[in-house]
Amino acid sequence: MTTERTFSIVKPDAVERNLIGKIFAMIEDSGLRIAATKKIHMTKAQAEGFYAVHKDRPFFNDLTDYMCSGPCVVSVLEGENAISRYRELMGATNPENAAEGTIRKRFAKNIEANSVHGSDAPETAATEIAYFFNQLEIVG
Ligand code: IDP
């Protein structure tokens, strides 16, 4: 059994539609714990830094515009196998392919405005958590 931390964003499309509580309820009902959370409004530069891995993709400019188009909620989630469990709870990137019962199936508007982000591996989780939180803000 491995207790892991993963990084989550409730993206601007979901915050705008007042869905923070419903998404947090799905996270907590899945057994994951919220170890840190805050509402922020990213700058374009912060969004570009966060998604730097996608800088050569055709959707990079639109994606980073969207991520700074309104506030979002960044969180650290904790639990056994938190990274893969949260990816499963989120559902596929494109909501048309997301399974029933997932956050994206329930709430995502389209492949870009897909309501949530979750880290895809331990290394990215560590980098993404450190991008937005310092150690004192995380209470497991
Ligand atoms: P993930 O969020 O499911 O891990 P990634 O492939 O890492 O998916 O893409 C990061 C984000 O970029 C997606 O969540 C989505 O917001 C956006 N994105 C991915 N593919 C496309 C696309 O083809 N068009 C527009 N936006 C996209």
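This text goes with the structure placed above it.
Attention here is on the structure that accompanies the text. Not measured: the values here are computed from a predicted model.

**So, the sheet that holds strand E2 (residues 33-40)**
Sheet architecture is open: four strands sit in the order E2-E3-E1-E4, paired in antiparallel fashion. Only two strands of the sheet have a single neighbouring strand rather than two, namely E2 and strand E4 (116-118). For this sheet, the mean inter-axis angle between neighbouring strands, taken without regard to orientation, is 20°. Of the strands in this sheet, strand E1 (3-10), E2, strand E3 (72-80) and E4 touch helix H7 (residues 122-132), which is tilted by about 55° from E1.

**Describing the site of the ligand**
In the vicinity of the ligand, the contacting residues are Lys-11, Tyr-51, His-54, Phe-59, Leu-63, Arg-87, Thr-93, Arg-104, Ile-111, Glu-112 and Asn-114. Contact between the ligand and His-54: an oxygen atom at 3.1 Å from a side-chain N or O atom of the residue. In this structure, an oxygen atom belonging to the ligand sits 2.8 Å away from a side-chain N or O atom of Arg-87. With the chains in place, 79% of the 520 Å² that the ligand exposes on its own is no longer accessible.

What counts and what doesn't
- Residues numbered from 1 in each chain as written.
- Predicted model: local features only at pLDDT ≥ 70, side-chain atom pairs only at ≥ 80, totals over all residues.
- Heavy atoms only, no water.
- Pairing = 2+ DSSP bridges.
- Helix = DSSP H or I, 4+ residues; strand = E, 2+ residues; numbered from the N terminus.
- Axes fitted to C-alpha atoms, helices over the stretch in contact; angles between N-to-C directions.
- Contact = heavy atoms within 4.5 Å.
- Near = heavy atom within 4 Å.
- Polar contact = N/O pair within 3.5 Å; in protein donor to acceptor, adjacent residues only side chain to side chain.
- Areas by Shrake-Rupley, 256 points an atom, 1.4 Å probe, with all protein chains shown as cover.

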